Amino acid sequence: MSSVVLLPYAPSSVAVARQRLSTDLQDSGVFSAAIDDAVLVVSELLSNALRHAHPLPSGMVRVAWLRNEDHIEVAVSDGGAATEPRAGRPTLSSLGGRGLGIVEYVAESWGVRHEGETTTVWAILPAPHSNGSVNGQVATLREAG
């Protein structure tokens, strides 16, 4: 299963991307905690793109996801920024700067690709089926905590 969605370069696109990803993953039988993690990561990546980067030449941003048997790769592509995306280390009183730190914590891996003027930030997350397992443990144990 895979999807690519072009969305307006606007804050309202975050909710649209979250809903589309959640629906696709639910329809393919992904465990609910894995869906929550993927939706959180897409929200962070897309919010960062809208806050720090330029839109694609079309004036849009691209959100994509690919699900195989046991993983989900999510990616957000934009028109690039003056700085490279990196996980920050904010102080306790900082109002922001935690997004990629959250992605780093939740995802198995994440990174940045550059293709011409396009920057893509991607993350790979585990995607067990609702009756599957996570690293050999019963999936319901992950949901419990």
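Residue positions are given per chain, counted from 1 along the sequence in the order it is written. Whole-chain, interface and lining totals are the exception, using all residues; otherwise, since this is a predicted model, local features are given only for residues with pLDDT of at least 70 and side-chain atom pairs are given and counted only at 80 or more. The side-chain quantities take in all heavy atoms of the structure and omit both hydrogens and water.

(A) Focus on the pattern of salt bridges. Salt bridges are defined by distance alone: a side-chain nitrogen of Lys or Arg within 4 Å of a carboxyl oxygen of Asp or Glu. Across all of its chains, the model carries two salt bridges by this definition. Notably, a salt bridge pairs Arg113 with Glu73, separated by 3.5 Å at the nearest N-O pair. Here Arg113, found in strand E4 (residues 109-115), pairs with Glu73, found in strand E3 (residues 71-78); they are 40 residues apart in sequence, far enough to count as distant. In this structure, Glu115 engages Arg113 in a salt bridge whose closest nitrogen and oxygen atoms are separated by 3.8 Å. Summary of the burial criterion: residues with accessible area below 20% of their type's maximum are buried, those above 50% are exposed, and those between are partly exposed, where the area comes from a 1.4 Å probe applied to protein chains only. Judged by its relative accessible area of 34%, Arg113 is partly exposed. Salt bridges sharing partners connect three or more residues here, namely Glu73, Arg113 and Glu115. Secondary structure elements are defined from DSSP: runs of H or I of at least 4 residues count as helices, runs of E of at least 2 residues count as strands, and each element is numbered from the N terminus.

(B) Summary view of the packing of helix H1 (residues 12-27) against helix H2 (residues 32-52). Axis separation between H1 and H2 bottoms out at 9 Å; the angle between their running directions is 155°. Between H1 and H2, the angle is such that the two are roughly antiparallel. In the packing of H1 onto H2, the handedness of the crossing is right-handed. Counted together, Ser13, Val14, Ala17, Arg18, Leu21, Ser22, Leu25 and Gln26 of H1 and Ile35, Ala38, Val39, Val42, Ser43, Leu46, Ser47 and Leu50 of H2 form the full contact between these two elements. Here the residues of the contact of H1 with H2 sort into ten nonpolar, five polar and one charged. Only the contacting stretch of a helix is used when fitting its axis, a line to C-alpha atoms as for every element, and angles between N-to-C directions run 0 to 180 degrees. An angle below 35 degrees is treated as roughly parallel, one above 145 as roughly antiparallel, one from 65 to 115 as roughly perpendicular, and anything else as oblique. For a crossing to be left-handed, the near helix must be turned anticlockwise from the far one by less than a right angle; the clockwise case is right-handed. Throughout, a contact is declared for two residues whenever any of their heavy atoms are within 4.5 Å. Under the scheme applied, nonpolar residues are Ala, Val, Leu, Ile, Met, Phe, Trp, Tyr, Cys and Pro; charged residues are Asp, Glu, Lys and Arg; polar residues are all the others, including Gly.

(C) Broad picture of the nonpolar core. Residue types Ala, Val, Leu, Ile, Met, Phe, Trp, Tyr and Cys, when buried and joined through side-chain atoms within 4.5 Å, form a set referred to as a nonpolar core. Among the nonpolar cores identified, the biggest contains 31 residues, and Leu21, Val41, Leu45, Leu46, Val63, Ile72 and Val74 are the most heavily contacted of them. Going through the elements one at a time, strand E1 (2-8), H1, H2, strand E2 (60-67), E3, helix H3 (99-106) and strand E5 (118-126) are the ones with two or more residues in this core. Broken down by element, the residue count for this core peaks at ten residues, all from H2. Leave out the neighbours within four places in its chain, and Leu45 touches Val74, Val76, Leu100, Val103 and Val121.

(D) Main features of the environment of Gly101. Note on placement: Gly101 falls in helix H3. The exposure class of Gly101 is partly exposed, given its relative accessible area of 21%. Spatially, the C-alpha atom of Gly101 lies 9.7 Å from that of Glu44, the residues being 57 residues apart in sequence.

(E) Fine view of the environment of Val41. Positionally, Val41 belongs in helix H2. Using a relative accessible area of 1% as the deciding quantity, one classes Val41 as buried. In sequence terms Val41 and Val106 are 65 residues apart; their C-alpha atoms lie 7.7 Å from each other. Beyond its immediate stretch of four places on either side in the chain, Val41 contacts Val74, Val103, Val106, Ala123 and Leu125.

(F) Seen up close, the pairing of E5. Burial runs high along E5: eight of the nine residues are buried. Hairpin connection of E4 to E5: two residues between the antiparallel strands, including Gly116 at a positive phi of 65°. Between any two strands, pairing holds if DSSP finds at least two bridges.

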